[in-house]
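# Per-entry structural report
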Amino acid sequence: MANHDLSDHHNLTHEELKFREHTERAGHFIKIDLFRSAREEFKAALEYKPGDEQCIQGIAQMNTNIKRDARVVYVVVPVVLAIIAAVVLFA
């Protein structure tokens, strides 16, 4: 399998290799919900292929995911703190 991957990359330029590396890494980060890291990889990929629509859309999607996750945290944290406070006060 590794030999096959190496032969696929053999005819690519340095810029194409780096672009592919960053976009593949972004995909891996997305699979484990590391949206900030994925966004940074898409940004890094844009340095090698400016204006790439896949990366621009990826950055936009990661920003949406980050905002969604932040909203969840803003709701969950106060609830958890209220529960802790109630336990401390009534225990």
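First things first, this report covers the structure right here in the doc. Everything numeric here is computed off the predicted structure, so don't read it as measured data.

## Describing the nonpolar core
Grouped together as the largest cluster of nonpolar side chains are 11 residues: Phe-19, Ala-26, Phe-35, Ala-38, Phe-42, Ala-45, Leu-46, Cys-55, Ile-59, Met-62 and Ile-66. Looking at this core, the elements that each hand over two or more residues are α2 (14-31), α3 (35-48) and α4 (53-90). Here this core takes five residues from α3, the largest share from any one element. Contacts of Ala-45, omitting those with residues within four sequence positions, involve Phe-19, His-22, Thr-23 and Cys-55.

## Things to note about the packing of aromatic side chains
Using the criterion set out here, one finds zero aromatic pairs in the structure. Here the basic side chain of Lys-49 rests over the ring of Phe-19, its NZ or CZ set 4.8 Å away from the ring centre.

## Observations regarding the side chain of Arg-39
When you line up the elements, Arg-39 lands in helix α3. At a separation of 2.8 Å, a polar atom in the side chain of Arg-39 contacts the side chain of Asn-63. Aside from chain neighbours lying at most four places away, what touches Arg-39 is Ile-59, Met-62, Asn-63 and Ile-66.

## Some points on α2
Compared with an ideal rise of 1.5 Å per residue, which puts 18 residues at 26 Å, α2 spans 26 Å between its outermost C-alpha atoms and is within 8% of the ideal. Lys-18, Phe-19, His-22, Thr-23 and Ala-26 are the residues of α2 that are buried. Down the axis of α2, the buried side of the element spans an arc of 125°, and every buried residue falls inside it. Two residues or fewer after α2 comes Asp-33, characterised by a positive phi angle close to 60°.

Each value, and the rule that gives it
- Residues numbered from 1 in each chain as written.
- Predicted model: local features only at pLDDT ≥ 70, side-chain atom pairs only at ≥ 80, totals over all residues.
- Heavy atoms only, no water.
- Core = buried A, V, L, I, M, F, W, Y, C linked by side-chain atoms within 4.5 Å.
- Buried < 20%, exposed > 50% of the residue type's maximum accessible area, 1.4 Å probe, protein only.
- Helix = DSSP H or I, 4+ residues; strand = E, 2+ residues; numbered from the N terminus.
- Contact = heavy atoms within 4.5 Å.
- Phe/Tyr/Trp six-rings, centres within 6.5 Å; stacked < 30°, edge-to-face > 60°.
- Lys NZ or Arg CZ within 6 Å of the ring centre and 35° of its normal.
- Polar contact = N/O pair within 3.5 Å; in protein donor to acceptor, adjacent residues only side chain to side chain.
- Expected span 1.5 Å × (residues − 1).
- Arc of directions from axis to C-beta.

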